[in-house]
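This is what each chain is made of:
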Amino acid sequence: MTEFPKGFLWGGATAANQLEGAYNEDGKGLSIADVLPGGPERFNLVNQPDFNWTMDDKKYTYPNHNGIDHYHRYQEDIKLFAEMGFKCYRFSIAWSRVFPNGDETEPNEAGLEFYDRLIAECLKYDIEPVITISHYEMPLHLVTEYGGWKNRKLIGFYERYASVVLNRYADKVKYWMTFNEINSALHFPVMGQGLVKSNGGDKMQNIYQAWHNQFVAGAKAVKIAHAIRPDILIGCMLLYATTYSYDANPVNQLAALKENQAFNHFCGDVQVRGTYPAYTESVMNRYGFSFKDLDVTADDLAVLKENPVDYIGFSYYMSTAINVTDKKLATANGNLVGGVKNPFLEASDWGWQIDPTGLRIALNELYNRYQKPVFVVENGLGAIDKPDKNNFVQDDYRIDYLRKHIEAIAGAVDDGVQVMGYTPWGCIDLVSASTGQMSKRYGFIYVDLDDNGQGTLNRYKKASFNWYQKVIESNGQEL
Ligand code: BGP
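Numbers given to residues run from 1 along each chain, matching the order in which its sequence is written. With pLDDT at 70 or above as the cut-off, local features in this predicted model cover only qualifying residues; side-chain atom pairs require 80 or more to be listed or tallied, and sums for whole chains, interfaces and linings still use all residues.

The name an unreviewed UniProt entry gives the chain is 6-phospho-beta-glucosidase, with Companilactobacillus kimchiensis as the organism. Quoted verbatim from the Sequence similarities (unreviewed entry) field of UniProt, the annotation for the chain is "Belongs to the glycosyl hydrolase 1 family." UniProt positions are given in the numbering used here, feature names are shortened, and annotations may be inferred rather than shown by experiment.

A closer look at the overall build of the chain
Runs of H or I in DSSP of at least four residues are treated as helices and runs of E of at least two as strands, each being numbered from the N terminus. A count of helical and extended segments in the chain gives 16 helices and 12 strands. We compute the radius of gyration from the C-alpha atoms alone; for a globule the expected value is 2.2 Å times N to the 0.38, where N is the number of residues. The C-alpha atoms of the chain give 21 Å as radius of gyration, which agrees with the globular expectation for 479 residues (23 Å, within 12%). Referenced to the eigenvectors of the C-alpha coordinate spread, the extents of the chain come out at roughly 60 × 55 × 50 Å. Counting over 479 residues, the chain shows a buried share of 51%. In this scheme the burial state of a residue depends on its C-beta neighbours within 10 Å: 20 or more other such atoms mean buried, 12 or fewer mean exposed, and anything in between means partly exposed; the C-beta positions come from the backbone.

Section: unusual backbone geometry
The residue D26 is not glycine, and still its phi comes out positive at about 50°. Its location among the elements puts D26 in the loop between α1 (16-19) and α2 (32-35).

What about the confidence of the model for the chain?
For the chain, the average pLDDT comes to 96, and 99% of its residues sit at 70 or higher. Two numbers describe this predicted complex: its pTM, 0.98, and its ipTM, 0.98. What pLDDT expresses is the predictor's confidence in each residue, scored from 0 to 100.

Thoughts on the nonpolar core
Any nonpolar core is a set of buried residues, restricted to Ala, Val, Leu, Ile, Met, Phe, Trp, Tyr and Cys, that join up through C-beta atoms within 7 Å. Ranked by internal contacts, the top residues of the largest apolar core, which has 138 residues, are I93, A221, L238, I312, F314, V374 and I409. Of the residues forming this core, the biggest block, 12 residues, is contributed by helix α10 (residues 204-228). Non-local contacts of A221, meaning those with residues more than four positions away in its chain, are made with I133, A162, L166, T178 and I234. With six residues, the next largest nonpolar core counts Y244, A321, I322 and V340 among its residues. A residue pair is marked as a contact if its C-beta atoms, positioned from the backbone, fall within 7 Å.

Thoughts on the packing of α10 against helix α13 (residues 298-306)
In the contact formed by α10 and α13, the axes pass within 9 Å of each other and the chain directions differ by 50°. It follows that α10 is oblique to α13 by the angle criterion. Regarding α10 and α13, the two cross each other, and that crossing is left-handed. Listed contacts from α13 to F215, V216, A219 and K220 of α10 are D300, V303 and L304. Where helices are involved, their axes are fitted lines through C-alpha atoms of the stretch in contact, as for all axes, and angles between N-to-C directions lie from 0 to 180°. We call two directions roughly parallel when the angle between them is under 35 degrees, roughly antiparallel when it is over 145, roughly perpendicular when it lies between 65 and 115, and oblique otherwise. For any helix crossing, the convention is left-handed if the near helix is rotated counterclockwise from the far helix by under a right angle, and right-handed if that rotation is clockwise.

Focus: the environment of A255
If you trace the backbone, A255 turns up in helix α11 (residues 250-273). Among the residues examined, A255 registers 18 C-beta atoms within 10 Å and is labelled partly exposed. For the pair formed by A255 and M55, sequence separation is 200 residues and the distance between their alpha carbons is 41 Å. Ignoring any residue separated from it by four or fewer positions in sequence, one finds A255 in contact with I322 and V324.

Observations regarding the site of the ligand
Each residue gets a C-beta atom placed from its backbone. Should that atom fall within 6 Å of a molecule or strand, the residue is termed near it. Around the ligand sit 14 residues in total, of which E181, G382, S432, A433 and S434 are the nearest. Polarity classes work like this: nonpolar for Ala, Val, Leu, Ile, Met, Phe, Trp, Tyr, Cys and Pro, charged for Asp, Glu, Lys and Arg, and polar for all others, with Gly in that last group. Looking at the shell around the ligand residue by residue, the classes come out as five nonpolar, six polar and three charged.

Points about helix α14 (residues 356-370)
Along an α-helix, residues three or four positions apart point the same way, because every turn accommodates 3.6 residues. Expected span of a helix: the number of residues minus one, times 1.5 Å. Across its 15 residues, α14 extends 22 Å between first and last C-alpha, which sits within 8% of the 21 Å expected from 1.5 Å per residue. Where α14 ends, the next residue or the one after it, Q371, has phi of about 55°, a positive value.

Observations concerning α11
With 24 residues, α11 extends just 29 Å between its outermost C-alpha atoms, more than 12% less than the 34 Å of an ideal straight helix rising 1.5 Å per residue. For a residue, the bend is simply the angle between two axes, fitted respectively to the seven-residue segment ending there and the seven-residue segment starting there. Of all the bends found along α11, the most pronounced is centred on H265 and spans about 60°. Looking at α11, one finds that the buried residues are N252, A256, E259, F263, N264, H265, F266, C267, G268, V270, Q271 and V272. One or two positions beyond α11, positive phi appears at G274, with a value near 80°.

Things to note about the environment of E121
Among the secondary structure elements, E121 is positioned in helix α6 (residues 109-124). Its 19 C-beta neighbours within 10 Å are what place E121 among the partly exposed residues. Along the backbone, E121 and R441 are 320 residues apart, and their C-alpha atoms lie at a distance of 25 Å. Look past the residues within four positions of E121 in its chain and what remains in contact with it is Y74, Q75 and I78.

So, the packing of helix α8 (residues 153-169) against α10
Running from N to C, α8 and α10 cross one another at 25°; their axes reach a closest spacing of 9 Å. In terms of their interaxial angle, α8 and α10 are classed as roughly parallel. Of the two elements, α8 crosses α10, and the hand of that crossing is right-handed. Where α8 abuts α10, its residues L154, I155, Y158, E159, A162, S163, L166 and N167 lie against N213, V216, A217, K220, A221, I224, A225 and I228. The residue inventory of the contact of α8 with α10, partitioned by class, reads 11 nonpolar, three polar and two charged.

Put into structure tokens, the structure is as follows:
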């Protein structure tokens, strides 16, 4: 078996809005995640023409409000991560804890103090924090008052927020990411950009304008980070779904290439290379507008050029296949990124097509495209776990999934790819981003909490807990 590099960052990943809870404590403002209804229909519900960002407790549940109560139980949780041997822990800072409305001039000290405590707890166990500055939880006020990321005023608000957290924590935290899964906006712009149908999220030009504003804001964060600490590493974060042509028909091959450009590569190309790619106009024309229609200044382009990211963080859950020649083929039911069913692959209970080889391909594609280190910051199997009477989960299906994906990473290391680390998603069970529910679980640690918010919130180690502990201990030799 391949030797993983010395210092390989084994760990796990979470996001503030999906586990912290305490949604209105210590001065925290509302974030968009706090008003998204729970349930498998959440994306459809928010895209109703009259969706208005208020909480209607009678009709919907809001699982993010309590999360898994990590805000109060973080010490217990970090201790369990340390027991697994985590070298790093990827988490996000809730923007709305630091700037409750997003547009204040002074931060909320109580919010910052929570992350002081969380970071100290990680460092106590020699766990390197890996921080996502914005993970699907912008302050709600920035959406209701300013219309979300399509408004360029957000560049300044994000810059101020990033500056506050970088200045506060950079001496303790070396690894950062600007925006979680920035390219996901192509399929669900509500999470990263605060755009839904009722505020223009159905217009592609708005999504691209929002991206542009995020690119500039992210580049400004890179600039601030490097000025504070030259050895800091600050990356972008992409949702990467390896995209194949369904068959050898050149027409499908070309369609797959275009899909790759539009989804997998566009955001990375700008953030890693610092310039808009040659195919920009062709992608935009396809959606009926031109780059000239966007509000882009010469200063923006200079900031992008001067501040590319240091590495490419990405999530990998699934691959997809493109077929434009046979309209009868079913779409990959549930695959968040579209495409058709691949006859060679199985899918998860949620229809996400399971493809470890696709991860090896993704690592090669990204590294060879950019020649910068790559970091698998999310990967995992969402499944319905069935605990026994002692709340023990024998999650062999999860072990099997993770083992094959780790083998794929090892293969990519053999291929010459510089991989920084691996942080499987939802290392402790938490609220799902796409369904807003608990029943889609990823963790090594079972949390006793159901979709209706009932349960003791006690934590229990699953079979995968001991398995992953050995993986880390052996630096990936024992799988
Ligand atoms: C990614 C997000 C995470 C996360 C994960 C699993 O898209 O970055 O926030 O939740 O996917 O998705 P889900 O929770 O929908 O199963």
